[in-house]
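Overview (structure and organization)
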Amino acid sequence: MYAAIHDTFGEPAEVLTPREIETPTPAEGEALIRMVLSPIHNHDLWTIRGNYGYKPELPGAIGGSEALGIVEAVGAGVDADLVGKRVVAAGVHGTWAAYFTADAATLLPLPDAIPDEAGAQLVSMPFSALSLLETLKVGKGDWLIQTAANGAVGKIMAGLAKARGIHLLNLVRREEAAEELRAAGIDNVLSTSDADWMSKARALIGKAGAVSAIDSVGGELAGDLVQLLGIDGELVVFGTATGQPLSMSSGDLIMKHITVKGFWGSRVSKEMAPETRFRLIGELVGLAAQGQLPLDTGGTYPLAEAAEAMKAALTPGRGGKIMLRP
C-alpha cells in the first residue's frame, strides 16, 4: 500500500514522501480501516517538524492523525459487525496511508446525513473546540472573544457558540479574512488591522467586558484581549500563529483578577470522563448532521502528491481543510 512517510523531522513539503509499504494487520482489539479521506491539521505539520507534544519514532513515520474510512477487517475480540461500517478515527497515528489500524473502541460510526468531507474532520478540531468551550466560564448570553476566527477551529467555534446562545466576537488579522467570514454569515467580525478595532470591540461587548477569551495568535494581541475582558475574566491560550511570547499588562491582570492558562486538546481528551466524551460527541454529530458545523474543504490530493498537499495546507487564506486520499 502507499503511505506518506518521513524519515527525518523538517518542513513537511520537503521531508514527506509517498512510499509503498506492507499493509498492516489488526491486532487484538483493533480494526483495519481503508482510508477514504484524511485531513491535514496544523498539529500534523508540527509533528512532522518535530516540535509537537507527540514525537513519532523515526525513520519510517507515517503522517496523519484523523481519517474517515471503511472497516475492512477486525482483530480478535472485536465485533465482526463493524466490518463494512463507515467510521471516523481520530487521535491515532499514521492515517496518511491507504490502510491503517486503530483501536476499535475509539471508532465513531457516522450517519449517512454526514458527507465524507465533513466526517473526515469531525472529531479532532471540532472536538477540541467543543471541549475548550465546555471548560470556559462563558455561558449563554455572555461574551466570548476569539482570535484567528478565520481558521478551522475559529469557524467551528462560531457555530458552536451560536448553538449555545453565546455572543462571540471574532477577530482576524486581515480585512479580507473579515469580509470572508461576514460573507459566510458570521456576525461580530473585526480585523485587528483596523486602527479603531478596539473601540469597536468595546462598543459591541459593553462595559462589563467579556467573560472569556481564546488566543491562537500570541504577541501583543494577548494584551488587547486582557483589556477587553471583564472582572475575573479568563484568557485561554489555544495556539500561537505568530510564535511570539504573550505581552500583557501586569496592572490589568492584577486589578481584574484575570486568569491565564493553556489548553491542549490531546491531554484534555485523554483525561475526559467517558460520559462527558459521549455527550460532546453526540452534540457534534447532531450539529454536523444538521449542517450547522462549517467543515469546508480546500482541496483533495492523492497520497502520491503529498508534498503538494503540504504546500496547499500551508497557504494563507485557503478556503478549508486540505485532504489526502489514497
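Parameters at a glance
Residues numbered from 1 in each chain as written. Predicted model: local features only at pLDDT ≥ 70, side-chain atom pairs only at ≥ 80, totals over all residues. Heavy atoms only, no water. Helix = DSSP H or I, 4+ residues; strand = E, 2+ residues; numbered from the N terminus. Buried < 20%, exposed > 50% of the residue type's maximum accessible area, 1.4 Å probe, protein only. Contact = heavy atoms within 4.5 Å. Salt bridge = Lys/Arg side-chain N within 4 Å of Asp/Glu carboxyl O. Pairing = 2+ DSSP bridges. Axes fitted to C-alpha atoms, helices over the stretch in contact; angles between N-to-C directions.

Take the environment of Asp224 next. Relative to the elements of secondary structure, Asp224 occurs in helix 8 (residues 221–228). Asp224 sits in the partly exposed class, given a relative accessible area of 21%. Between the alpha carbons of Asp224 and Met198 there is a distance of 7.8 Å; along the sequence they are 26 residues apart. Once you skip the residues sitting within four places of it in the chain, Asp224 turns out to touch Trp197 and Met198.

Attention shifts here to the pattern of salt bridges. Scanning the model with the defined rule gives 13 salt bridges in all. The residue Arg267 makes a salt bridge to Glu271 at a minimum N-O spacing of 2.9 Å. Within this pair, Arg267 and its partner Glu271 are both found in helix 10 (residues 265–271), separated by four residues, close to a single helical turn. Glu271 shares its class with Arg267; the two are exposed. One salt-bridge network, held together by shared partners, links Glu134, Arg164, Arg279 and Glu283.

Hydrogen bonds between backbone atoms are what pair the strands of a sheet, whose relative direction is either parallel or antiparallel. Across the sheet, six strands lie side by side as 11-10-9-12-13-14; this open sheet has parallel pairing. A strand with exactly one partner marks an edge of an open sheet, and here the two such strands are strand 11 (189–191) and strand 14 (259–262). For this sheet, the mean angle separating the axes of adjacent strands, direction not counted, is 20°. Inspection of the sheet shows strand 9 (residues 143–146) paired to strand 12 (residues 210–215) by three bridges, in the parallel sense. Bridge pairing in strand 12 places Gln146 opposite Ile214. Lying over the sheet, helix 6 (residues 175–183) contacts strand 10 (167–172) and strand 11, oriented at roughly 170° with respect to strand 11.

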